[in-house]
Amino acid sequence: MDQKAALLVFSHLRWNFVYQRPQHLISRFANVYDVFYVEEPVINQEDDGFYASASEDGVMVIVPHLKEDAGGDHNERLIPVIDSLIKEYHLKEYLCWYYTPMALDFTRHLQPELIIYDCMDELSAFKNAPPMLLTLEDELMHNASIVFTGGRSLFNFKKHRHPNIHCFPSSIDVSHFGKARQTQADPADQFDIPFPRFGFFGVIDERFDIDLIEEVAAKKPDWQFILIGPVVKIDPQQLPRRTNIHYLGMKKYEELPSYISGWDVAILPFALNESTRFISPTKTPEYLAAGKPVISTAIEDVIDPYKKMELVEIAHDADDFIAHGEKELSTDDIERDQRRDEFLKTQSWDLTWEAMNNEISKCLQQQKNLNTYV
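Notes on the structure in this doc start here.

What counts, and at which threshold
Residues numbered from 1 in each chain as written. Predicted model: local features only at pLDDT ≥ 70, side-chain atom pairs only at ≥ 80, totals over all residues. Heavy atoms only, no water. Phe/Tyr/Trp six-rings, centres within 6.5 Å; stacked < 30°, edge-to-face > 60°. Helix = DSSP H or I, 4+ residues; strand = E, 2+ residues; numbered from the N terminus. Buried < 20%, exposed > 50% of the residue type's maximum accessible area, 1.4 Å probe, protein only. Lys NZ or Arg CZ within 6 Å of the ring centre and 35° of its normal. Contact = heavy atoms within 4.5 Å. Pairing = 2+ DSSP bridges. Axes fitted to C-alpha atoms, helices over the stretch in contact; angles between N-to-C directions. Salt bridge = Lys/Arg side-chain N within 4 Å of Asp/Glu carboxyl O. Arc of directions from axis to C-beta. Core = buried A, V, L, I, M, F, W, Y, C linked by side-chain atoms within 4.5 Å.

## Considering the packing of aromatic side chains
Here comes step 1: Counting across every chain of the model gives 23 aromatic pairs.
Here comes step 2: Consider the rings of Phe198 and Trp223, whose centres lie 4.4 Å apart with planes at 25 degrees: the pair is stacked. On the criterion of sequence distance, the pair formed by Phe198 in strand β10 (residues 197–201) and Trp223 in the loop between α7 (210–219) and β11 (224–228) is long-range, its members being 25 residues apart.
Here comes step 3: For Phe198, a relative accessible area of 0% translates into the label buried.
Here comes step 4: Accessibility expressed as a relative area gives 3% for Trp223, which makes it buried.
Here comes step 5: These aromatic residues form a ring-pair network of at least three members: Phe29, Tyr33, Trp97, Tyr99, Phe148, Phe168 and Trp353.
Here comes step 6: If you follow Arg277 out to its NZ or CZ, it ends over the ring of Phe157, 5.2 Å from the centre.

Given below as structure tokens:
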């Protein structure tokens, strides 16, 4: 049997962290390629090398490790680690897929069949972004055969920088989140929280509007705010602490429907700053699939398409949020629910993956034709 071509994915996100766009897409590519998902290195006392473990989805998760205090530039030391990966798994034909341009510093010597850049966020706007990120992104844009973006606003911002760029907003596993529409047993750490409940799941970082949650929770002490997810890049002590704000920590992807099922309203309380200028929250369609009314701050990729389709309410301040919340708690919008479910029929990660894979196949065929005539 012929060996499948390999897909080397270089990411700034841990595979076993929050289950999001990379996991949804890359796990599907494992049906077509031998996939190696290369994370950022860890520093320990072992000699330079890598750990490899197979995920349930058939993805080989690679964690490079570098010896502490061994000296030298980390990126230069990662080059032989990547070379040893390719040698150990006898990889001859492979594609390189980038989630972070920073990986170029230890992979630009590779000779892949194709270079793919899935630009899911404007990483340069995130807290503690490396100074060289924009320079390396220019290089990646120049070398990539195809570029994907994770949202419309990001596509409009980047589209002039590459001749073969495509917008593929994050999609939805309707059946998974649809489980929240059936009454489920409340998880133990949510069971005793009173109603009404306003819930959020996701990473709690500099993109999260701490002040909004603080103000609304103060003005509506009978409303309960359930916040699920890890706290990253911000001091947990800065988070508002009130009896009606509940931090439940990180949960497994499989557990989320049981939590959402017990909410009255799902919320997207993002701050409006540089780090959220181009975000396209995956959780927007996930909330909709769960059958919950959604209140969001004025994120461009939530306004278009979700607000324009009258599927989501947009709050511009705390009083606006409260007004929308009171409305959602007192009324059922049957027409909106029907529009929501019609919209969801057109959305799935399978369809998104298939369209992306078709674009990659076109690039590979073009490359093959070009090589034929050289």
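## Focus on the side chain of Asn357
Here comes step 1: Topologically, Asn357 is positioned in helix α13 (residues 349–373).
Here comes step 2: Look at Asn357 and you get buried, because its relative accessible area is 12%.
Here comes step 3: Setting aside chain neighbours within four positions, we find Asn357 in contact with Phe29 and Tyr33.

## Side note on the sheet that holds β11
Here comes step 1: Within the open sheet, the six strands sit side by side as β12-β11-β10-β13-β14-β15. Their pairing is parallel. Of all strands in the sheet, those with a lone pairing partner are β12 (245–249) and β15 (313–314), marking the two edges.
Here comes step 2: As judged from the five bridges shared by β10 and β11, these two strands associate in the parallel manner. Of the residues in β11, the one forming a bridge with Phe200 is Leu227.
Here comes step 3: Across the sheet, α7 lies against β11, β12 and β13 (265–268), angled at about 150 degrees from β11, the strand it touches most.

## A word on the pattern of salt bridges
Here comes step 1: Overall, the coordinates contain 30 salt bridges when judged by the stated rule.
Here comes step 2: Two residues, Asp47 and Lys67, come together in a salt bridge whose shortest N-O distance is 3.7 Å. Within this pair, whereas Asp47 is found in the loop between β3 (42–44) and β4 (49–54), its partner Lys67 is found in strand β5 (residues 60–67), the two being separated by 20 residues in sequence.
Here comes step 3: A relative accessible area of 32% means that Lys67 is categorised as partly exposed.
Here comes step 4: One salt bridge connects Arg77 with Asp48, and the closest N-O pair in it is separated by 2.8 Å. Placement of the pair is Arg77 in helix α2 (residues 74–88) and Asp48 in the loop between β3 and β4, with a sequence separation of 29 residues.
Here comes step 5: A relative accessible area of 12% means that Arg77 is categorised as buried.
Here comes step 6: One network of salt bridges, in which partners are shared, links Glu122, Glu137, Asp138, Lys158 and Arg161.

## Notes on the environment of Phe106
Here comes step 1: Inspection of the secondary structure assignment puts Phe106 in the loop between β6 (94–98) and β7 (115–119).
Here comes step 2: Owing to a relative accessible area of 10%, Phe106 belongs among the buried residues under this scheme.
Here comes step 3: Taking C-alpha positions, Phe106 is 6.3 Å from Glu76, a pair spaced 30 residues apart along the chain.
Here comes step 4: Residue contacts for Phe106: discarding those within four places in its chain leaves Phe10, Asn75, Leu78, Ile79 and Ile82.

## Points about unusual backbone geometry
Here comes step 1: Across the junction of Phe195 and Pro196, the peptide omega takes the value 0 degrees, indicating a cis bond.
Here comes step 2: Within the fold, Pro196 resides in the loop between α6 (188–191) and β10.
Here comes step 3: Residue Pro305 follows Asp304 across a cis peptide bond; omega there is 25 degrees.
Here comes step 4: As for its position among the elements, Pro305 is in helix α10 (residues 300–307).
Here comes step 5: With phi around 65 degrees, Asp69 is a residue other than glycine that occupies positive phi space.
Here comes step 6: By secondary structure assignment, the location of Asp69 is in the loop between β5 and α2.
Here comes step 7: A positive phi angle, near 65 degrees, is found at Lys233, a position not held by glycine.
Here comes step 8: As for its placement among the helices and strands, Lys233 is situated in the loop between β11 and β12.

## A few points about helix α3 (residues 133–143)
Here comes step 1: Among all positions in α3, only Leu133, Leu136, Glu137, Leu140 and Met141 are buried. Taken down its axis, α3 places every buried residue within 145 degrees of arc, on the same side.
Here comes step 2: Considering only its buried residues, α3 is in contact with β6, β7, β8 (146–149) and α4 (152–158).

## Observations concerning the nonpolar core
Here comes step 1: Grouped together as the largest cluster of nonpolar side chains are 52 residues, with contacts concentrated most on Phe225, Trp263 and Phe321.
Here comes step 2: No other element matches the five residues that α7 contributes to this core.
Here comes step 3: Ranked by size, the runner-up nonpolar core spans 32 residues in total, among them Phe10, Leu85, Met141 and Phe278.

## Some thoughts on the environment of Phe148
Here comes step 1: Structurally, Phe148 can be placed in strand β8.
Here comes step 2: On the basis of relative accessible area, Phe148 is assigned to the buried category, the value being 0%.
Here comes step 3: Aside from chain neighbours lying at most four places away, what touches Phe148 is Arg21, Trp97, Ile116, Tyr117, Asp118, Cys119, His166, Phe168, Met356, Glu359 and Ile360.

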